[in-house]
Amino acid sequence: MLSLLADANQRLEKALRYVAIPEDAIERLKFPKASLTVSIPVRMDDGSLKVFQGYRVRYDDSRGPTKGGVRFHPSVNLDEVQSLAFWMTFKCAALNIPFGGAKGGITLNPKELSRFELESLSRGYINALADFIGPDIDIPAPDVYTNAMIMGWMMDQYSIIQRQIIPGVVTGKPISMGGSLGRETATALGAFFTIQTLLPKFGQAPQGTTVAIQGFGNAGAVLAELLFKAGYKVVAVSDSQGGIYASQGLDIPSVRHTKEATRSVQAVYCQGSVCNAIEHSVVTNAELLELEVDVLIPAALENQITAANAHLIKAPYIFEVANGPVTSEADAILAEKGIQVIPDILVNAGGVTVSYFEWVQNKSGFYWSLEEVNQRLQDKMTEETEWIWATAQDLAIDLRTAAYVHALSRLAEAIGAQGTRKDYIK
Ligand code: NAD
């Protein structure tokens, strides 16, 4: 398999066939602008010292300060962080958000750390990155296994270092520290708006549409509930431990309720606080991907659908809520089978869109209502989804390539507008 960044670059190469871009811009976009690797010492609860590896990559800042999440996961490495930063660059351009792309991460299993150790690690990460980030330079946000609490610690640590309160340095913060209403549900809601915009074009109505979702976290679980409430039949969900399948459909609020209480996904129907098991089968994460459903939603990690299993996928529509769940080799196999893949840089862009709204609110010091945030999110997701759909129709290309073409033209314009400055000054 290709390295993640090489695989990500394949998408760029393909899109370049359909859009006229100056050679200089193409050359610049092949490489990250800056990659930082740091060692973070943490005093553990038992008195021992442990050193963790952290990363931050700023891929391209032609369109504005760079923006991207921070991931805490055992498989975090520089290649992964670089490719996630690459995707962020194209995501922000595709959505016309005035940010470049970045990403960060620390290699660890956060479930093995106490809350105090996690806080020391998060603050240590910001100490190590303090000269690399800033509200007008690079703005971190949550990603896999990081949340509002961790973002709050990070913002607080940066403010301590700078000796002033700087809420705009991190997004996805607790509301009480300058977070935006609607940020926690933004990725799922953005994906929901994209699904609602595109499925009718394929003649697919919510009632009778079956859905399987891999990953039941911030993005996957909230989206499952939105789809359930809109009348879709969510028949399978999974987390890192495995999944459940019920052909009659799952009662998603009940599944979420027990997941919150027990930390595991269970096929249950709850009335009040009493939850009873319903008829279901247990599926592995690999089996979930191969189910006969109308819509498949990978919402966990990258590289889930590869050349090894793409021929086994049966769902005609795949909405990528996770970043990079389908490899470029798998793309080709799925296209041959007539499967439509709606790309991550569009589907999961709701998160960065509301992060942008949060940053705007922090800068202006004026905070919006939840209705205002969600309405602006809906407008943006619907408008850019329609643009990408129209580009795909005009050029007779797949939706992923159309999203890259759409983003590339905006990126090339920004790089071109800077003239030769970058060659000489930076
Ligand atoms: P999360 O930590 O809240 O949830 C991750 C979920 O994936 C959990 O249910 C976990 O159990 C499950 N999981 C982990 N390893 C798995 C495996 N091997 N197989 C199946 N499931 C597994 O993370 P999240 O914020 O929901 O992010 C999920 C995906 O969405 C990631 O790819 C992330 O980059 C992407 N994303 C998230 C946001 C956001 O705002 N949260 C924004 C854009 C993209």
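Residues numbered from 1 in each chain as written. Predicted model: local features only at pLDDT ≥ 70, side-chain atom pairs only at ≥ 80, totals over all residues. Heavy atoms only, no water.

1. Here's the deal with the sheet that holds strand β1 (residues 34-43)
Selection criterion: One bridge is not enough; two strands pair if DSSP finds at least two bridges between them. Helix and strand assignments come from DSSP, with helices taken as H or I runs of at least 4 residues and strands as E runs of at least 2, each series counted from the N terminus. Axis definition: a line fit to C-alpha positions, over the contact stretch in the case of helices; interaxial angles, taken between N-to-C directions, run 0 to 180 degrees. Here, residues are in contact when the closest pair of their heavy atoms is within 4.5 Å.
With respect to topology, five strands assemble into an open sheet ordered β1-β2-β4-β3-β5, the strand pairing being mixed. Edge positions in the sheet fall to β1 and β5 (138-142), since each has one partner strand and no second. Mean inter-strand twist for the sheet, computed between neighbouring axes without regard to direction, equals 25 degrees. As paired strands, strand β3 (residues 66-73) and β5 are joined by five bridges and run parallel to one another. Residue pairing for β5: G69 is matched across the bridge by A141. Packing against the sheet, helix α3 (residues 78-94) makes contact with β1, β2 (49-60), β3 and β4 (100-107), and its axis sits at approximately 150 degrees to β4.

2. Re α3
Definition in use: One less than the number of residues in a helix, times 1.5 Å, gives the span that helix is expected to have. Relative accessibility under 20% of the residue-type maximum defines a buried residue, over 50% an exposed one, and the middle range a partly exposed one, all with a 1.4 Å probe and only protein chains included. As used in this structure description, the phrase polar contact means that two N or O atoms lie within 3.5 Å; if the pair is within protein, one of them must be able to donate a hydrogen and the other to accept it, and residues adjacent in sequence are counted only when both atoms belong to side chains.
For α3, with 17 residues, the first-to-last C-alpha span of 24 Å sits near the 24 Å given by 1.5 Å per residue. Among the 17 residues that make up α3, 15 are buried, leaving the element largely enclosed by the rest of the structure. Of the residues that open α3, the one with a side-chain oxygen 3.0 Å from the backbone nitrogen of D79 is N77. Residue N96 follows α3 closely and has a positive phi angle near 60 degrees.

3. Looking at the site of the ligand
Short version of the rule: A single heavy atom is enough: if one lies within 4 Å of a molecule or strand, its residue is considered near that molecule or strand. Note on areas: Shrake-Rupley with a 1.4 Å probe; residue coverage comes only from the protein chains shown. Basically, the charged four are Asp, Glu, Lys and Arg, the nonpolar ten are Ala, Val, Leu, Ile, Met, Phe, Trp, Tyr, Cys and Pro, and anything else, Gly included, counts as polar. The start and end points of each domain follow an automatic or database-based domain assignment.
Taken together, 22 residues sit near the ligand, with D143, T187, N218, A219 and N323 positioned nearest. A distance of 3.0 Å separates an oxygen atom of the ligand from a polar atom in the side chain of R71. One of the side-chain nitrogen or oxygen atoms of N285 is found 3.3 Å away from a nitrogen atom of the ligand. Within the complex, the protein chains bury 88% of what would otherwise be the 820 Å² of accessible surface of the ligand. Of the residues assigned to the shell around the ligand, the class counts are nine nonpolar, nine polar and four charged. Two domains each provide a minimum of three residues to the shell around the ligand, namely domain 1 (29-177) and domain 2 (186-347).

4. Some remarks on the state of the cysteines
Just so we agree on the cut-off: Any two cysteine sulfur atoms lying within 2.5 Å of each other are counted as a disulfide.
The final tally for this structure, using the stated rule, is one disulfide. Note on cysteine connectivity: C270 is disulfide-linked to C275, with sulfurs 2.0 Å apart. Between C270 and C275 the disulfide shows an S-S torsion of about 105 degrees. By sign, it is right-handed. For C275, a relative accessible area of 26% gives the class partly exposed.

5. Structural notes on the domain arrangement of the protein chain
Put simply, an interface is often sized by how much accessible area is lost when its parts join up. Quick reminder of the rule: Reported buried area values correspond to the accessible surface (1.4 Å probe) lost by two parts on association, with both partners' losses combined. Any Lys or Arg side-chain nitrogen found within 4 Å of a carboxyl oxygen on Asp or Glu counts as a salt bridge.
By the assigned domains, the protein chain splits into domain 1 (29-177) and domain 2 (186-347). The centre of domain 1, based on its C-alpha atoms, is set 28 Å off from the matching centre of domain 2. Each partner contributes to the interface: domain 1 provides 14 residues, whereas domain 2 provides nine residues. With both sides pooled, the region where domain 1 packs onto domain 2 buries about 840 Å², and carbon together with sulfur makes up 55% of that total. At the boundary of domain 1 and domain 2, one finds one salt bridge. A salt bridge links E302 to R71; its shortest N-O distance comes to 3.0 Å.

6. Quick word on the packing of helix α4 (residues 115-129) against helix α5 (residues 148-162)
Test applied: Any angle from 65 to 115 degrees is called roughly perpendicular, while one under 35 is roughly parallel, one over 145 is roughly antiparallel, and all others are oblique. Handedness of a helix crossing follows the sense of rotation of the near helix relative to the far helix, less than a right angle counterclockwise being left-handed and clockwise being right-handed.
The interhelical angle for the contact between α4 and α5, taken along N-to-C directions, is 45 degrees, at an axis separation of 9 Å. Taken together, the axis directions place α4 and α5 in an arrangement best described as oblique. When you trace α4 past α5, the crossing you get is right-handed. Residues R115, L118, E119, S122, R123, Y125, I126 and N127 of α4 lie in contact with α5, whose contacting residues are M149, I150, W153, M154, D156, Q157, Y158, I160 and I161. Considering only residue class, the contact of α4 with α5 consists of 10 nonpolar, three polar and four charged.

7. Notes on the environment of V295
Residue position: V295 is located in strand β12 (residues 295-298). Assessed through its relative accessible area of 2%, V295 is described here as buried. On a C-alpha basis, the gap between V295 and V211 in space is 4.7 Å, while along the polypeptide they are 84 residues apart. With residues up to four places along the chain from it excluded, the contact list for V295 reads L199, T209, T210, V211, A212, A315, Y317 and F319.

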